[in-house]
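Topology and contacts: notes
These are the residues of each chain, in order.
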Amino acid sequence: SIKSQGINTPILLRRVEGKEKPWEIVAGQRRFHACMLLYGPDFQIPVLVKNFTDAEAEVASLSENVDREDMTPVMEAEGAARVLARANGDRKEADRRLGWSPSKLDDRLKLMSCSSDVRKALDAKVITLGLAEMLSGLTKEKQDEVLAGFAAAGKYPTAEECKPQIMAMTKSLTVAIFDKMDCGNCPNNSARQRAMFGNIDDGYCLNSPCYDQKTDTVLGAKVERL
């Protein structure tokens with residue numbers, strides 16, 4: 001498109017101090033490299049310069065990339081995780097910076113718990129986003145085991161089709177021995193995911209590592225008392 005139409009959208013730059021190269025591309029890396037490949041280093045590219053902090057540059061880069069059709073959910077998840085880290089774990093602030101709803105942020109962050117193989121399968125559109133989100137509640141080893149089972153069967157089901165099997169591998173909050181005060185509003189509580197899982201009366205934890213850590217903490221305290 002650049003060869004036939006030129007650059008229709010300027011690349012976004014910011015000035016950085018104390019570096020060998022004083023200018024940093026915030027958004028438009030692919031446009032820049034395409035121009036270098038086509039026309040060489042002397043080609044003049046239209047740019048827009050902004051005074052961004054590191055955090056603002058991160059959000060601006062992610063916001064532009066999300067608008068691209070080829071921005072995958074995994075790429076969105078990785079970008080959202082970086083924005084959340086810069087917001088010191090404050091989800092409301094991350095929502096504000098991204099312009100996302102809390103549910104979208106929660107859904108994308110679930111993908112950060114997916115194994116490498118599950119992420120690759122999602123990127124390749126071998127599995128659906130809903131299935132990847134559901135698998136994220138299992139340990140990475142169990143995710144790979146389930147994914148391998150799908151491959152061996154020659155069929156990758158939807159989230160709804162394999163809901164009973166995956167739910168059976170998750171942790172029941174009904175029998176949890178730890179304080180469940182924080183679980184009520186947790187996005188990994190299946191009782192909050194009725195749109196995905198149907199009408200479930202008893203919640204299940206879709207974050208096995210968190211469930212196991214809380215359980216181990218309680219058991220460790222009991223052992224110490226004994």
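In short, a report on the structure.

Procedures and definitions
- Residues numbered from 1 in each chain as written.
- Predicted model: local features only at pLDDT ≥ 70, side-chain atom pairs only at ≥ 80, totals over all residues.
- Heavy atoms only, no water.
- Core = buried A, V, L, I, M, F, W, Y, C linked by side-chain atoms within 4.5 Å.
- Buried < 20%, exposed > 50% of the residue type's maximum accessible area, 1.4 Å probe, protein only.
- Helix = DSSP H or I, 4+ residues; strand = E, 2+ residues; numbered from the N terminus.
- Contact = heavy atoms within 4.5 Å.
- Phe/Tyr/Trp six-rings, centres within 6.5 Å; stacked < 30°, edge-to-face > 60°.
- Pairing = 2+ DSSP bridges.
- Axes fitted to C-alpha atoms, helices over the stretch in contact; angles between N-to-C directions.

Description of the nonpolar core
Membership of the largest hydrophobic core comes to 19 residues, with the highest contact counts inside it found for Val118, Ile127, Leu131, Ala132, Leu135 and Ile166. If you list the elements that add at least two residues to this core, you get α4 (73-86), α7 (116-123), α8 (129-135) and α9 (140-153). At four residues, α8 tops the list of elements feeding residues into this core. Apart from the residues lying within four places of it in its own chain, the contact partners of Ala132 are Leu111, Cys114, Val118, Leu122 and Ile127. The next biggest cluster of nonpolar side chains, apart from the first, holds 10 residues, and it includes Val59, Leu62, Ala80 and Leu109.

Quick notes on the packing of aromatic side chains
The description of an aromatic ring pair rests on the distance of the ring centres and on the angle between the ring planes. Here the structure, examined in full by the defined rule, presents three aromatic pairs. Relative to Tyr156, the ring of Phe150 has its centre 6.3 Å away and its plane inclined at 70°; by these criteria the two rings are edge-to-face. Between Phe178 and Tyr211, the ring centres sit 5.2 Å apart and the planes meet at 80°, which makes this aromatic pair edge-to-face. With Phe178 in the loop between β4 (171-172) and α11 (194-197) and Tyr211 in helix α12 (residues 208-225), this pair connects stretches of sequence that are 33 residues apart.

Details of the sheet that holds strand β1 (residues 11-15)
Pairing within the open sheet is mixed, and its three strands lie in the order β2-β1-β3. Both outer strands of the open sheet, β2 (23-27) and β3 (47-49), are each paired with one neighbouring strand and no more. Strand-to-strand twist across the sheet, computed as the mean angle between neighbouring axes with direction ignored, equals 40°. Pairing analysis gives three bridges linking β1 to β3, with the strands arranged parallel. The partner of Leu13 across the bridge, within β3, is Val49. The strands touched by helix α2 (residues 29-39) are β1 and β2; relative to β2, the strand with the most contacts, the crossing angle is about 115°.

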